[in-house]
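Coordinates in review
What follows is each chain in one-letter form.
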Amino acid sequence: MSTRVSSATNLSATYFMRNFYSNNRDAMKSSKRKEYSITELAYDDSTALHRAAKKLKNYKYSDDENTDNIRGINGIVDTYNNSIDSASNSSSSSMKRYAKQLKKLASKYSDELEDIGITINKDGTLKANEELVKKADADTLNSLFGNDNDFTSSLYRVSRQMSSSSYDDYYTSLRTGSNINLTV
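From a predicted model like this one, the values you see are computed outputs, not experimental measurements.

Digging into the overall build of the protein
Across its full length, the protein holds nine helices and two strands. Along its sequence from the N terminus, the protein presents helices and strands in the succession α-α-α-α-α-α-β-β-α-α-α. Looking at the protein residue by residue over its 184 residues, the buried ones come to 47%. Counting only contacts in the protein whose residues sit at least 6 apart along the sequence, the fraction spanning at least 24 positions is 68%. Here the protein displays about 9600 Å² of accessible surface, and carbon together with sulfur accounts for 44% of that area.

And the structure:
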């Protein structure tokens, strides 16, 4: 994935999040999230995480220029955190299980994540230190986030399953008449 718009334009983390949340961009905004049910947020967040994990597999890192991909990583961290939050607070046992799987995955790779400036908070969410992430060398970034890496493949797999499960929950809530925000 090429994230360079022109030789003078760098993309922001918000740009990446808007792409990850292309189905519902309001779901990425903390000021708007309170307007949605947990079921809606779980669906939007898990779909965005799946989209982010897919894009993560295609990032190419070099020692020359990683600025845009680093901002993409920051967007993925924010999307991951939203997914953990909504899935952990969901009434769905499958969503809670996927949140635990994501936390376990991050914990398994905590040393590698810390090596590039991403730490795990007590609640299982991630925190990226952009300055440290920028200093990470291309080999380290490619070994953790590359297409064939276990972390990236596992994140992609869990987020796909999570998205599918949240879709089922969301569809069920629509069918049963639960309070769902249908603003477009």
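Describing the environment of Tyr21
With respect to the helices and strands, Tyr21 occurs in the loop between helix H1 (13-20) and helix H2 (30-33). Note on Tyr21: relative accessible area 2%, which makes it buried. Residue contacts for Tyr21: discarding those within four places in its chain leaves Ala27, Met28, Arg33, Asp44, Asp45, Ala48, Arg51, Thr79 and Asn82.

A closer look at the pattern of salt bridges
Under the definition given, this model contains five salt bridges. Linking Lys108 and Asp150 is a salt bridge whose minimum nitrogen-to-oxygen distance equals 3.3 Å. Of this pair, Lys108 sits in helix H5 (residues 93-108) while Asp150 sits in helix H9 (residues 150-175), and the two are 42 residues apart along the sequence. Judged by relative accessible area, Lys108 falls into the exposed class, the value being 57%. Here the salt bridges do not stand alone but share partners, grouping Glu130, Glu131 and Lys134 into one network.

Observations concerning the nonpolar core
If you look at the biggest cluster of nonpolar residues, it comprises 45 residues, and the most contacted ones within it are Ile73, Ile118 and Phe145. For this core, the elements supplying multiple residues, two or more each, are H1, helix H3 (38-56), helix H4 (67-88), H5, helix H8 (138-145) and H9. In this structure Phe145 touches Leu56, Lys57, Tyr61, Ile73, Leu113, Ile116, Ile118, Phe151 and Thr152, once residues within four positions along its chain are discounted.

Overview of the side chain of Ser165
As for its position among the elements, Ser165 is in helix H9. We classify Ser165 as buried; its relative accessible area is 11%. Residue contacts for Ser165: discarding those within four places in its chain leaves Ser94, Met95 and Tyr98.

Overview of the environment of Tyr171
Tracing the backbone shows Tyr171 in helix H9. Sequence separation of Tyr171 and Glu40 is 131 residues, and the distance between their C-alpha atoms is 9.8 Å.

Looking at H8
Where H8 is concerned, the buried positions are Ala138, Leu141, Leu144 and Phe145. Along H8, the residues classed as buried sweep out an arc of 140° about the axis, all on the same side. The N-terminus of H8 is capped by Asp137, whose side-chain oxygen sits 3.1 Å from the backbone nitrogen of Asp139.

Here's the deal with the packing of H5 against H9
H9 packs onto H5 with a crossing angle of 170° between their chain directions and a minimal axis gap of 10 Å. Regarding the angle of H5 to H9, the classification is roughly antiparallel. When H5 is examined against H9, the residues Ser94, Met95, Tyr98, Ala99, Gln101, Leu102, Leu105 and Lys108 are found in contact with a partner set consisting of Asp150, Phe151, Ser154, Leu155, Val158, Gln161, Met162, Ser165, Ser166 and Asp169. The residue inventory of the contact of H5 with H9, partitioned by class, reads nine nonpolar, six polar and three charged.

Description of the packing of aromatic side chains
Within this structure, the stated rule accounts for seven aromatic pairs. Taken together, a centroid distance of 5.4 Å and an interplanar angle of 85° make the contact between Tyr15 and Phe16 edge-to-face. For Phe16, a relative accessible area of 1% translates into the label buried. A ring pair is formed by Tyr43 and Tyr167, whose centres lie 6.0 Å apart and whose planes are at 55°; its orientation type is tilted. Linking Tyr43 in helix H3 with Tyr167 in helix H9, this pair joins segments that are 124 residues apart in sequence. For Tyr43, a relative accessible area of 17% puts it in the buried group. Put simply, the rings of Tyr43, Tyr167, Tyr170 and Tyr171 pair up and form one aromatic cluster. Residue placement shows Lys57 over the ring face of Tyr156; its charged tip is 4.3 Å from the ring centre. Positioned over the ring face of Tyr98 is Arg97, at 5.1 Å from the centre of the ring.

What counts, and where the lines are drawn
- Residues numbered from 1 in each chain as written.
- Predicted model: local features only at pLDDT ≥ 70, side-chain atom pairs only at ≥ 80, totals over all residues.
- Heavy atoms only, no water.
- Helix = DSSP H or I, 4+ residues; strand = E, 2+ residues; numbered from the N terminus.
- Buried < 20%, exposed > 50% of the residue type's maximum accessible area, 1.4 Å probe, protein only.
- Contact = heavy atoms within 4.5 Å.
- Areas by Shrake-Rupley, 256 points an atom, 1.4 Å probe, with all protein chains shown as cover.
- Salt bridge = Lys/Arg side-chain N within 4 Å of Asp/Glu carboxyl O.
- Core = buried A, V, L, I, M, F, W, Y, C linked by side-chain atoms within 4.5 Å.
- Arc of directions from axis to C-beta.
- Polar contact = N/O pair within 3.5 Å; in protein donor to acceptor, adjacent residues only side chain to side chain.
- Axes fitted to C-alpha atoms, helices over the stretch in contact; angles between N-to-C directions.
- Parallel < 35°, antiparallel > 145°, perpendicular 65-115°, else oblique.
- Nonpolar A, V, L, I, M, F, W, Y, C, P; charged D, E, K, R; others polar.
- Phe/Tyr/Trp six-rings, centres within 6.5 Å; stacked < 30°, edge-to-face > 60°.
- Lys NZ or Arg CZ within 6 Å of the ring centre and 35° of its normal.

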